[in-house]
Amino acid sequence: MEALIEAYRSKDIEAAVEAKGFREEAKQMLRDLDVSIEHDPEQVALTAEVLELSYRRKIEEYGFPDFSGAVCEVGLLRHYQNNIYIATEDCESESGYASYFNIYVAETKYGWRVLNSAPRK
């Protein structure tokens, strides 16, 4: 999550894409839709590609999230399923405004990768 925030701060789309786990996000999404991914790696790859393209387009259209001056740290890390966890990220802005986000993260052979937002439960 630190790598993603740093990519946002430096406005580096390639670093942001590298910090994301589109393949793991695709697997999770397909599992949630009850699509059998074990026998269809092409479906996982295609879904991951679509997720990455959508992410890039969103950044192009809306810009990078503003984390300048914010201090963020991972608080709670809870196991969700398989290699997926829910991380709670606590952030405080320079003005003292505090917020938290629940984010799915995945432990992969390439290290930790950030997926999508998780419910605030």
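Everything discussed here concerns the structure shown above.
Conventions adopted
Residues numbered from 1 in each chain as written. Predicted model: local features only at pLDDT ≥ 70, side-chain atom pairs only at ≥ 80, totals over all residues. Heavy atoms only, no water. Pairing = 2+ DSSP bridges. Helix = DSSP H or I, 4+ residues; strand = E, 2+ residues; numbered from the N terminus. Axes fitted to C-alpha atoms, helices over the stretch in contact; angles between N-to-C directions. Disulfide = S-S within 2.5 Å. Buried < 20%, exposed > 50% of the residue type's maximum accessible area, 1.4 Å probe, protein only. Phe/Tyr/Trp six-rings, centres within 6.5 Å; stacked < 30°, edge-to-face > 60°.

## Here's the deal with the sheet that holds strand β3 (residues 98–108)
Part 1 of the reasoning: The four strands lie next to each other as β1-β2-β3-β4, forming an open sheet whose pairing is antiparallel. This sheet does not close on itself; its edge strands, each paired only once, are β1 (71–81) and β4 (111–117). Across the sheet, the axes of successive neighbouring strands diverge by a mean angle of 35°, strand direction being ignored.

## Let's talk about the state of the cysteines
Part 1 of the reasoning: Taken as a whole, this structure holds one disulfide when the rule is applied.
Part 2 of the reasoning: Note that cysteine 72 is cross-linked by a disulfide to cysteine 91, the S-S spacing being 2.2 Å. Taking the sign of the S-S torsion, 115° for the link of cysteine 72 and cysteine 91, the bridge is right-handed. Remark: cysteine 91 occurs in strand β2 (residues 84–92) and cysteine 72 occurs in strand β1; sequence separation between them is 19 residues.
Part 3 of the reasoning: Under the relative-accessibility criterion, cysteine 91 is labelled buried at 7%.

## Concerning the pairing of β2
Part 1 of the reasoning: Bridge analysis of β1 against β2 gives eight bridges, and the strand direction is antiparallel. Within β2, the position partnered with valine 74 by the bridge is glutamate 89.
Part 2 of the reasoning: Hairpin connection of β1 to β2: two residues between the antiparallel strands, including asparagine 82 at a positive phi of 50°.
Part 3 of the reasoning: In this sheet, β3 lies alongside β2 in antiparallel orientation, the contact comprising nine bridges. Along β3, the bridge assignment pairs cysteine 91 with serine 99.

## Overview of the packing of aromatic side chains
Part 1 of the reasoning: By the definition in use, this model includes five aromatic pairs.
Part 2 of the reasoning: Arranged with centres 6.0 Å apart and planes meeting at 20°, the rings of tyrosine 8 and phenylalanine 67 form a pair that is stacked. Of the two residues, tyrosine 8 is situated in helix α1 (residues 2–10) and phenylalanine 67 in the loop between α4 (41–62) and β1; the sequence distance between them amounts to 59 residues.
Part 3 of the reasoning: Aromatic pair tyrosine 80 and tyrosine 104: ring centres 5.0 Å apart, planes at 55°, arrangement tilted. Taken as a pair, tyrosine 80 in strand β1 and tyrosine 104 in strand β3 lie far apart in primary sequence, 24 residues in all.
Part 4 of the reasoning: The exposure class of tyrosine 80 is partly exposed, given its relative accessible area of 33%.
Part 5 of the reasoning: Taken together through their ring pairs, the aromatic side chains of Tyr8, Phe64 and Phe67 make up a single cluster.

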